Amino acid sequence: MHTPLYRTENSGALLGDWPRIPLPANAELLAQSAALGRRLADFLDPESDLQLAAEWSFLARLSIAAEFPENTPDRDRRNAARFAITAGWGGRGPGDTVMPRRGRAPERDWNPTELERLRALAAVENLSLDDALVLLGPRCVDVYLNHATFWTAVPTNVWEYTLGGYQVLKKWLSYREEPLLGRPLHEDEARYFSQVVRRITAILLLGPALDANYGAILPTARGLPSQLTM
């Protein structure tokens, strides 16, 4: 149901909450589909043990200004200054509601080093750099927590990624403005945001493989109206 082509072809049924799921006609296709599904489930499950580090670390890397040196005597005060979300991502609405706001996420071009690292990530999925840029977006944004701390190189299509009608990353930020949360982020929470960015990136890069699997299943699929399998 997260296969891009499937979502396009079955958009009406998905909106009506009554989508038909094509069942593979043989064990080999079922096993291939299950393997892709397991990878996708791990990316989507925030409680999974999956940690995308190393070659993924340039995406949503935390950049912390030199004005917050490690040798600051008061560690709590230093971390409060580093990780407080004060860039204007959310505010109180009527009652207990939270209203998203503009925040600060300037768009920019990928730099040469980032492009080479994207090329390496794409190659793992048998994609070219051009393929990856179509899936992730030709540019990226730097997402600010406050005036001096930000997450670097968030792909534009990852930044705009929605689930349930909500822009995932912006929604997360809007509830964590310091006046709403009542405290700065903990460092592990800031790093969690980086992991979410990397997981969404991985989901988008998996799209062509999911589409290919869906295309292979469809001609002999069970569980769909006959006209859709012709």
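This is a predicted model, so every value here is computed, not measured.

Q: Would you take a moment to explain the overall build of the chain for this structure?
A: Per the secondary structure count, the chain includes ten helices and eight strands. In terms of overall dimensions, the chain has C-alpha extents of about 65 × 45 × 30 Å along its principal axes. Residue burial in the chain is summarised as follows: out of 230 residues, 40% are buried. Put simply, 66% of the contacts in the chain that link residues at least 6 apart link residues at least 24 apart. A gap of 4 Å separates the mean positions of the 25 positive and 28 negative side-chain charges of the chain.

Q: Would you mind showing me how to read the nonpolar core here?
A: One broad trend across soluble globular proteins is that nonpolar side chains are buried collectively. Counting residues in each nonpolar core, the largest one holds 49 residues, and the members touching the most others are Val143, Trp151, Val154, Leu169 and Leu173. Contributing elements (two or more residues each) for this core: helix 3 (27–44), helix 5 (112–124), helix 6 (129–136), strand 5 (139–144), strand 6 (150–155), helix 7 (156–159), helix 8 (168–174) and helix 10 (187–217).

Q: What's the story with the sheet that holds strand 4 (residues 107–109) in this structure? I'm lost.
A: What links the strands of a sheet is backbone hydrogen bonding, and the strands pair in either a parallel or an antiparallel sense. Read from one edge of the open sheet, four strands run 1-6-5-4, paired in antiparallel fashion. Looking at which strands have only one partner, the edges of the open sheet turn out to be strand 1 (61–63) and strand 4. Neighbour to neighbour, the strand axes of the sheet diverge by 35° on average, direction disregarded. Examined bridge by bridge, strand 4 and strand 5 share three bridges and lie antiparallel to one another. Each bridged residue has a counterpart across the sheet, and for Arg108 the counterpart in strand 5 is Cys140.

Conventions used here
- Residues numbered from 1 in each chain as written.
- Predicted model: local features only at pLDDT ≥ 70, side-chain atom pairs only at ≥ 80, totals over all residues.
- Heavy atoms only, no water.
- Helix = DSSP H or I, 4+ residues; strand = E, 2+ residues; numbered from the N terminus.
- Buried < 20%, exposed > 50% of the residue type's maximum accessible area, 1.4 Å probe, protein only.
- Contact = heavy atoms within 4.5 Å.
- Lys, Arg positive; Asp, Glu negative; His and termini not counted.
- Charge placed at Lys NZ, Arg CZ, Asp CG, Glu CD.
- Core = buried A, V, L, I, M, F, W, Y, C linked by side-chain atoms within 4.5 Å.
- Pairing = 2+ DSSP bridges.
- Axes fitted to C-alpha atoms, helices over the stretch in contact; angles between N-to-C directions.

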